[in-house]
Amino acid sequence: MPALSDTTVYFSVTNTLDDAKRDLNEPFSFLDYLKYADVNDKENELSSYQRYLQYWEAYTNTSLVSINVNVRTQFINFLSEINLLFFTNEEKRYFDNIDLNNNEQLTIALPFFTSKIKEIALYFKKKRASITSNLEYIKKKGTDGGAVTFIKDQILDIYYGDDVAPGINPNKRTPEDIVNSIDISFERVYDTFNDYYDLDPKESPTFYDTISGDRSDYFTSNTNTISSSFYINDDEAIIDIINTDGVELEEIPGLLVTYNQPDLSLLQPDQFIGYQNTGDRSDLNYNFTKEIPVNFQGTDMYYISTGDGTDYVYEKLFTAKYPHRNLLNINHPSTLAVTGDSFKSERSVGLFFKPSIRGALKMECDFSSYIVPDDFERNTTYVIPNPSRYGSIEGVGGRVRANPLIFNSTFNRFKNVSSSFGRFLPEVDSKDQTFHSYNTTEQRLFEPNNITPLVGIEKLNVPSQIVKEVGDIYGNQFYITNVTDAGNRNLDNFEGVEPVQDRYSTVFETVSTDNRKETLAGIRHKGKLIEVSNVLNSTIKPIADEFGTVFSRFAYDPVLLGQLESGEYQDLDIFETIFFFKTANYLVIDSIDYTNGKFSPAEFTATVRPYTKEIIVDQATTPISNLSNPTRLGSDIFYIKLTSDPSTTSPTNIKFFQFEMFKYNKDTKREVNLVTNTSQNQSYFADNFTFNLDTNIVEITNIALAYNDKQGKFISITNFRDLNHTCFIHILVFELDGDIFTVTDNYIIAPDNFTKTINFYSPNTFINNFNARSITSEPAQDLTYGTLRF
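Bear in mind that the values here come from a model prediction, so they are computed numbers and not experimental data.

Our focus in this paragraph is the overall build of the protein chain. If you tally the helices and strands in the protein chain, you get 21 helices and 32 strands. For the protein chain, long-range pairs separated by at least 24 residues make up 53% of all intrachain contacts whose partners lie at least 6 apart in sequence.

For a regular strand, the rule is simple: side chains alternate between the two faces of the sheet. By the criterion of burial, strand E17 (residues 578-583) is predominantly enclosed, with six of the six residues buried. By the alternation rule, side chains of E17 split into Ile578, Phe580 and Lys582 and Phe579, Phe581 and Thr583, which are all buried. Across six bridges, strand E16 (residues 569-575) lies against E17 in antiparallel orientation. Bridging from a neighbouring strand, Leu572 pairs with Phe581 of E17.

Taking strand neighbours across the sheet as the criterion, the three strands line up as E5-E4-E8 in an open arrangement whose pairing is antiparallel. Single-partner strands in this sheet number two, and they are strand E5 (312-318) and strand E8 (381-385). Strand-to-strand twist across the sheet, computed as the mean angle between neighbouring axes with direction ignored, equals 25°. Taken together, the five bridges between strand E4 (residues 301-306) and E8 define a ladder with antiparallel strand orientation. Residue pairing for E8: Met301 is matched across the bridge by Pro385.

Looking at the secondary structure, you find Asp300 in the loop between helix H13 (291-296) and E4. One polar contact links the side chain of Asp300 to the main-chain amide nitrogen of Ala320, over a distance of 2.9 Å. Residue contacts for Asp300: discarding those within four places in its chain leaves Lys316, Phe318, Thr319, Ala320, Ile384, Pro385 and Asn386.

Nonpolar side chains tend to gather and get buried jointly when the protein is soluble and globular. If you look at the biggest cluster of nonpolar residues, it comprises 27 residues, and the most contacted ones within it are Phe659, Met661 and Phe734. Core analysis: the next-biggest nonpolar cluster, separate from the first, contains 23 residues, Ile530, Leu564, Leu572 and Ile574 among them.

On the basis of which strands lie adjacent, the open sheet formed by four strands has the order E27-E28-E29-E30 and antiparallel pairing. What marks the edges here is a single partner per strand, and that holds for strand E27 (697-708) and strand E30 (740-749). Direction aside, neighbouring strands of the sheet carry axes that sit 20° apart on average.

Here the phi dihedral of Ser538 falls at roughly 55°; this positive angle occurs in a residue that is not glycine. Considering the arrangement of structural elements, one finds Ser538 in the loop between strand E14 (528-534) and strand E15 (539-542). Take Ser538: its relative accessible area is 65%, and that puts it in the exposed class.

This part is about the layout of surface pockets. Within this model, the largest pocket holds a volume of roughly 1100 Å³. Broken down by secondary-structure element, the contributors of at least two residues to the lining of the largest pocket are helix H7 (144-159), helix H14 (346-349), strand E23 (636-644), strand E28 (713-722) and strand E29 (727-737). Across the lining of the largest pocket, the residue classes tally to nine nonpolar, six polar and 14 charged.

Attention now moves to the packing of aromatic side chains. Considering all chains together, one arrives at 39 aromatic pairs under this definition. Ring centres of Tyr208 and Phe219 lie 6.1 Å apart, and the angle between their planes is 25°; on these two criteria the pair is classed as stacked. Linking Tyr208 in the loop between strand E1 (189-191) and helix H9 (214-217) with Phe219 in the loop between H9 and helix H10 (229-232), this pair joins segments that are 11 residues apart in sequence. Classification of Tyr208 by relative accessible area gives buried; the value is 2%. With centroids separated by 6.0 Å and ring planes inclined at 65°, the aromatic side chains of Phe478 and Phe547 adopt a geometry described as edge-to-face. Taken as a pair, Phe478 in strand E11 (residues 477-482) and Phe547 in the loop between helix H17 (543-546) and helix H18 (548-551) lie far apart in primary sequence, 69 residues in all. In textbook terms, an aromatic cluster arises when at least three aromatic residues are bridged by ring pairs, as seen for Tyr474, Phe478, Phe547, Phe551, Tyr569, Phe579, Phe581, Tyr594 and Phe599. Sitting over the face of the ring of Tyr611, Lys582 holds its NZ or CZ atom 5.4 Å from the ring centroid. Above the ring of Phe662, the side-chain terminus of Arg609 is found at 3.7 Å from the ring centroid.

Counting through the fold element by element, Thr306 comes out in strand E4. Using a relative accessible area of 7% as the deciding quantity, one classes Thr306 as buried. Setting aside anything within four residues of it in sequence, one finds Thr306 in contact with Asp311, Tyr312, Phe376, Glu377, Arg378, Asn379 and Thr380.

One pass over the full model with this rule turns up 14 salt bridges. Among the salt bridges present, the one from Arg399 reaches Glu203, with a minimum N-O distance of 2.9 Å. One end of the pair, Arg399, is in the loop between E8 and strand E9 (406-409); the other, Glu203, is in the loop between E1 and H9, with 196 residues separating them in the sequence. A relative accessible area of 33% places Arg399 in the partly exposed class. The residue Asp235 makes a salt bridge to Arg281 at a minimum N-O spacing of 2.6 Å. In this pair, Asp235 is assigned in helix H11 (residues 234-245) and Arg281 in the loop between strand E3 (256-257) and helix H12 (286-289), connecting sequence segments 46 residues apart. Asp235 gets classed as partly exposed once you look at its relative accessible area, which sits at 32%.

Further remarks concern the confidence of the model for the protein chain. Detailed conclusions should not be drawn from predicted coordinates in areas where pLDDT is low. On average, residues of the protein chain carry a pLDDT of 77, and 78% of them reach 70 or more. For the stretch residues 452-456, pLDDT sits under 50, and the model shows seven contacts to residues farther than four places along the chain or on other chains. Confidence drops under pLDDT 50 across residues 488-497; counting only partners more than four residues distant or on other chains, this segment forms 19 contacts.

Right, let's talk about the pairing of E5 for a bit. Two strands pair when backbone bridges link them, and E4 and E5 are joined in this way by six bridges, in the antiparallel orientation. Within E5, the position partnered with Ser305 by the bridge is Val313. The hairpin formed by E4 and E5 contains five residues between the paired strands.

This part takes up the environment of Asn702. Structurally, the position occupied by Asn702 is in strand E27. Residues Asn702 and Leu627 lie 75 residues apart in sequence; the distance between their C-alpha atoms is 7.8 Å. The residues touching Asn702, leaving out its near neighbours within four places in the chain, are His525, Asn626, Ile717, Thr718 and Asn719.

Before going further, it helps to examine helix H2 (residues 45-60). End to end, H2 covers 22 Å across 16 residues, agreeing with the expected 22 Å (1.5 Å per residue, within 8%). Within H2, burial applies to Glu45, Ser48, Tyr49, Tyr52, Leu53 and Trp56. All buried residues of H2 lie within an arc of 150° about the axis, which places them on one face of the element. Projecting away from the buried face of H2 at angles above 90 degrees are the exposed residues Gln54 and Ala58. In the stretch just after H2, Asn61 is the one whose phi turns positive, near 55°.

A cluster of nonpolar side chains, contributed by Leu85, Phe86, Tyr123 and Phe124, occupies part of the molecular surface with about 410 Å² of accessible area. Elements supplying a minimum of two residues to the nonpolar patch: helix H3 (65-86) and helix H5 (103-133). Positionally, Phe86 belongs in helix H3. Under the relative-accessibility criterion, Phe86 is labelled partly exposed at 31%.

About the criteria used
Residues numbered from 1 in each chain as written. Predicted model: local features only at pLDDT ≥ 70, side-chain atom pairs only at ≥ 80, totals over all residues. Heavy atoms only, no water. Helix = DSSP H or I, 4+ residues; strand = E, 2+ residues; numbered from the N terminus. Contact = heavy atoms within 4.5 Å. Buried < 20%, exposed > 50% of the residue type's maximum accessible area, 1.4 Å probe, protein only. Pairing = 2+ DSSP bridges. Axes fitted to C-alpha atoms, helices over the stretch in contact; angles between N-to-C directions. Polar contact = N/O pair within 3.5 Å; in protein donor to acceptor, adjacent residues only side chain to side chain. Core = buried A, V, L, I, M, F, W, Y, C linked by side-chain atoms within 4.5 Å. 1 Å grid on protein atoms, 1.4 Å probe; cavity = no way out; pocket = protein on both sides within 12 Å on 5 of 7 lines; lining within 4 Å. Points joined across faces, edges and corners; volume = space filled by probe spheres on them. Nonpolar A, V, L, I, M, F, W, Y, C, P; charged D, E, K, R; others polar. Phe/Tyr/Trp six-rings, centres within 6.5 Å; stacked < 30°, edge-to-face > 60°. Lys NZ or Arg CZ within 6 Å of the ring centre and 35° of its normal. Salt bridge = Lys/Arg side-chain N within 4 Å of Asp/Glu carboxyl O. pLDDT = per-residue confidence, 0-100. Expected span 1.5 Å × (residues − 1). Arc of directions from axis to C-beta. Patch = residues over 30% accessible without salt bridge, like charges linked within 9 Å, V, L, I, M, F, W, Y side chains within 5 Å. Areas by Shrake-Rupley, 256 points an atom, 1.4 Å probe, with all protein chains shown as cover.

Below is the structure:
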């Protein structure tokens, strides 16, 4: 019988092929037609589909009028859905009065629906093009930054578009301002559930510590069974499916019988692809089910099948397609379809929680396998992992497969007598996993010195203690050392060795309380030397010798040049190639190049900021000041400067401090003044940084700046001191949104004083509280500085 259609349509009554006919009751839809039809001409797809409908009508002798009525109903429902989802309120009120079942009214409304459908299609086309072409958007997908961008884009979509409801934005602020003011943060959670792979489908969920939740309800979605009959005998596979579903006798309801014939008519419709029993084996679901173990098993599987007698068959069952992706699935092909619910947040386990470092370790050794037929059970099929790679092991699933093979280690992979004392060690090659730790090229080239514990500076000879170590991007090391002539002191009976810093000998004696020693604060604030370990030259020299070319640029300021070359440094911080030198009176920010073992300036200009750290009593002419340590956030490096009130209008005990903040970009090598005396007037500093401490602050000892990424805030802690060395702590917490500076907390901590304290800033304080007699001269009260002079 020739084909009715000039185009072959598979699974259709219009062809003469011996396949299932799926359009017996009604013709294929246009989309189904494109799926089954052998159409090569894209431009004539619609006309080809119309001819198919004519052939189908001729074959089935069925009129398409009723079907056309159904199509019309579907189109009307489609237009109603567009009206409901995409029309504005005004458009909805207009089209709610139109009867779409009326041909005349429908004809009038169709052009508007056509334009609306086109508008929707163009909108999605534009969105798809913008997403696929935006490389940065694609790179950020799955990251915290990508999630923030997605959330903010979704919020902006609420405010833009023709379908926005009226009055959605009653505020005067723009949607961009609203979105930019939103702070989105994420808290990571950790999955503490481990039983995801190699699950035995015969075990209950409770065996894998699953009691409730989706993991328990849909546990079978994660497990897959390897049925040997799927790969060996199709008839047996069909019989297994029939008996699994169950065959019930009509004469005795409820009685199930075991069937031994592959009768497809006994199968349920859900065992077929289209949920319709076509009687065709190629439509059975198990054709796809048997591919699941092949795709998700971590090794090739073999089978041993026995009969009634002593005969047996031992062959490969299937070859695993992706064993490298499924290393943990040794016995069973489990899939991660439903996740566990044991998610713990960082706060529930501690903000400093780090999951344990766990991995899969395989112990390999040579072994041989033996088959003992007498141990086989008769009429049984064993499915086992590749016996040349795996023995009888449980794996991570906790259940070993029944394996009739016997495995014996050969113990022949050991070094021979030619290895001397190593002849009992295992012989390994590059493919074996060993217990050797990871090591780098630097570790292999390093010559260890077991005498000194100071690894990495065993050749360094410096005059005193190393108090800080920093490095640049090139691998050079900078050691900040404390200059002192006080000997190092240790406890009695300590068996020491010759010290690395051999300028001053180590004395072994009991440490007594009257021994002279330096305090930690004293070491921190005194001038220190810097030694440079040059990675290419393999030398260690003072920084003045290595940075001669860099420092020569500052010859215009003899004081600055002298402090740089003398080596009296307060601190040194390095961010890749950006150096922050802090001397006794200057902060120098410079970009440094390193070529052929020599340091040179990378930029024509550098940033130099003077400050006055000394104790200044009369600050009318010389204000006190200090700079904080630099703090990096991304590509930006922040630091702040505090300066006492430069004017003489305020009493010294009630003064304000000028707060300045700077941002240096390490990529552009440019600095931005965020808060300075030029961007803010004097009243701003007077309102925010005036401290009434009833004393005269004469020194800004230290400023510590840090950033809290959890809160997104900076914190600055400043140490003020007066003439009595009393310490006052200033706490400042602030945020930066772009270049906008916002203070969150701003307060000062003064020490508790349990004795009576009187200052001499008030004119009547001395007369009312003291009775003084002249010795050489009458005492004179200085109200400006709160002092008595004799």
